[in-house]
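One letter stands for each residue in the lines below.
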Amino acid sequence: MGAARGSPATPRRLPLLSVLLLPLLGGAQAAIVFIKEPSSQDALQGRRALLRCEVEAPGPVHVYWLLDGAPVQDTERRFAQGSSLSFAAVDRLQDSGSFQCVARDDITGEEARSANASFNIKWIEAGPVVLKHPASEAEIQPQTQVTLRCHIDGHPRPAYQWFRDGTPLSDGQSNHTVSSKERNLTFRPAGPEHSGLYSCCAHNAFGQACSSQNFTLSIADESFAKVVLAPQDVVVARNEEAMFHCQFSAQPPPSLQWVFEDETPITNRSRPPHLRRATVFVNGSLLLTQVRPRNAGVYRCIGQGQRGPPVILEATLHLAEIEDMPLFEPRVFTAGSKEHVACLPPKGLPEPSVWWEHAGVRLPTHGRVYQKGHELVFASTTESDAGVYTCHATNLAGQRRQDVNITVASEHLCPEGGGEVEGSPGLGVMDRGFPGAHLRHFQLLLAWESVNCGELE
């Protein structure tokens, strides 16, 4: 039916095709079109990947990429490949987020953006097995809860397997529980039977990894003997006392026994002839009085708990000793020279301490004449340095000493037609260090004259 007379005419609608063709008929350019848009995809950590982007436009366009709205800069790892974005090695930290391909016509300013695309990055990373509860190993006690955590992480969430001493632990065992979500292994309560080396492995779609560092769980049985105080080696002088200390703990209290190296038990009621002066105290200490050479040797302290193997500790009793010192040859020095005299310490136990004396006075560690280590040092000799020097060595076994006779010779010892010494014409002055030089010292003076005085002629 036609419209009522006198009423306004209804606008005529154009066909849809005519609406789409109007921009072209009016001379406007076609829009930028994405032939291929990037799409979200799975990726593996450290592996290659590619986000594709292809654009069709009537004129030249500039294509670039955004990550969470920020421009993506080319690097060796991630770079533009044509209009697509290439990844030499996907990184779960640097490549997380939304990527977008942007095409821009720099002449008209027209810009088109693709749909967002992201990676579902699959990865797995090894880590150590650590103690989660209690806070420290020192707090681990029998019959308390102990929880270990496996620090292997990944995406998707890995499946975990625990091991003790290399043997897989079954989830069905009643003495422990496993939480894959928390990556925990829990013992409620922990006992000595749980002691061992714990490790873990995990796997997911990326691959498998095992713990980088394992955890040794050590829970002592209270009935086992545990060392509280271990005996130490002792060095004593003859006829002195020697004391060894030894203690163990356990519930109930452990037994303690001392044994000499020939397996002879030492008790207060029965002592072997060579250990008649030995006393064992209630606290486990062993006292030996008036020590003789036959008492030297290895002593064993043995602790035995209600359960477990015996704990054997050893300590050695040494008798102090010191050997004789070697003799010194007399020494002749030229005035003004730097000289050293070494004192070889005698063999002894404990190692003897050594020092030098002159005229009954201990030499200092610095100055013109001083001691350096075991050496007597003259920084610059003078005639007043001549005399007797004594090297002392001492330890618990006693003291040893040796003297060295030192002469300081100078040019006035050479012949000038003056007085002579019988058997040595031209040696006008004898040893100024001490009177009555023995033959060896006199021979040294003759040798000095033949070398030094001959050079002056």
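Just above sits the structure.
We now turn to the structure provided with this report. Since this is a predicted model, take the numbers as computed values, not measurements.

Quick notes on the nonpolar core
Grouped together as the largest cluster of nonpolar side chains are 23 residues, with contacts concentrated most on F244, W258, I266, L286, L288, Y299 and L317. Put simply, the parts of the chain that give this core at least two residues each are β23 (234–236), β24 (242–244), β26 (255–260), β28 (278–280), β29 (286–288), β30 (297–304) and β31 (311–319). Sort the elements by how many residues they give to this core and β31 lands first, with five residues. Beyond its immediate chain neighbours, meaning those up to four positions away, L317 contacts V234, V236, A242, F244, L288, V291, N295, A296, G297 and Y299.

Observations concerning the sheet that holds strand β5 (residues 62–67)
Two orientations exist for strands paired in a sheet by backbone hydrogen bonds: parallel and antiparallel. The strand order β6-β5-β9-β10 describes an open sheet built from four strands, whose pairing is antiparallel. A strand with exactly one partner marks an edge of an open sheet, and here the two such strands are β6 (70–71) and β10 (111–113). Summarising the sheet, strand β9 (residues 99–104) and β10 pair through three bridges and their orientation is antiparallel. Following the sheet pairing, R104 is matched in β10 by E111.

Here's the deal with the packing of aromatic side chains
Scanning all chains against the criterion turns up ten aromatic pairs. Relative to Y389, the ring of F378 lies with its centre 5.4 Å away and its plane at 85°, an arrangement referred to as edge-to-face. Here F378, found in strand β39 (residues 375–378), pairs with Y389, found in strand β40 (residues 387–395); they are eleven residues apart in sequence, far enough to count as distant. Here F378 matches Y389 in class, with each residue buried. It is R92 that lies over the ring of W123; its NZ or CZ is 3.6 Å from the centre.

Looking at the sheet that holds strand β12 (residues 129–133)
Reading across from one edge, β12-β13-β18-β17 is the order of the four strands in this open sheet, with antiparallel pairing throughout. Edge positions in the sheet fall to β12 and β17 (177–179), since each has one partner strand and no second. Strand-to-strand, the axes of this sheet are offset by a mean angle of 25°, without reference to chain direction. Here β17 runs beside strand β18 (residues 184–187); their pairing, made up of three bridges, is antiparallel. Paired with T177 across the bridge in β18 is T186.

A short note on the state of the cysteines
If you walk through the whole model with that rule in mind, you get five disulfides. Disulfide pairing is shown between C201 and C210; the S-S distance is 2.0 Å. In this structure, the disulfide formed by C201 and C210 twists by about 100° around the S-S bond and is classed as right-handed. Here C246 connects covalently by a disulfide to C301, the sulfurs 2.0 Å from one another.

Examining the pairing of strand β41 (residues 398–409)
Note that strand β33 (residues 331–334) and β41 share four bridges and pair parallel. Opposite R331, over in β41, you have I406 as the bridge partner. Bridging between β40 and β41 involves nine bridges; their strand directions are antiparallel. In the strand pairing of β41, A393 is matched with R400. Hairpin remark: β40 followed by β41, antiparallel, with two residues in the connecting loop.

Some thoughts on the pattern of salt bridges
In the structure shown here, the tally under the stated rule is 15 salt bridges. Between D42 and K122 there is a salt bridge; the shortest N-O distance is 3.6 Å. Taken together, the residues span a long stretch of sequence, with D42 in strand β2 (residues 41–44) and K122 in strand β11 (residues 119–125) at a distance of 80 residues. Accessibility expressed as a relative area gives 18% for K122, which makes it buried. In this structure, R104 engages E111 in a salt bridge whose closest nitrogen and oxygen atoms are separated by 3.4 Å.

Points about the environment of E54
Mapped onto the elements, E54 comes out in strand β4 (residues 54–56). Contact partners of E54, with chain neighbours within four places excluded, come to V33, F34, I35, K36 and S83.

What to know about the side chain of S86
With respect to the element layout, S86 can be found in strand β8 (residues 84–87). Accessibility expressed as a relative area gives 7% for S86, which makes it buried. Polar side-chain contacts of S86 include one of 3.3 Å to the side chain of Q81. S86 has contacts with A49, L50, R77, R78, F79 and Q81, leaving out every residue within four places of it along the chain.

Cut-off values and rules
Residues numbered from 1 in each chain as written. Predicted model: local features only at pLDDT ≥ 70, side-chain atom pairs only at ≥ 80, totals over all residues. Heavy atoms only, no water. Core = buried A, V, L, I, M, F, W, Y, C linked by side-chain atoms within 4.5 Å. Buried < 20%, exposed > 50% of the residue type's maximum accessible area, 1.4 Å probe, protein only. Helix = DSSP H or I, 4+ residues; strand = E, 2+ residues; numbered from the N terminus. Contact = heavy atoms within 4.5 Å. Pairing = 2+ DSSP bridges. Phe/Tyr/Trp six-rings, centres within 6.5 Å; stacked < 30°, edge-to-face > 60°. Lys NZ or Arg CZ within 6 Å of the ring centre and 35° of its normal. Axes fitted to C-alpha atoms, helices over the stretch in contact; angles between N-to-C directions. Disulfide = S-S within 2.5 Å. Salt bridge = Lys/Arg side-chain N within 4 Å of Asp/Glu carboxyl O. Polar contact = N/O pair within 3.5 Å; in protein donor to acceptor, adjacent residues only side chain to side chain.

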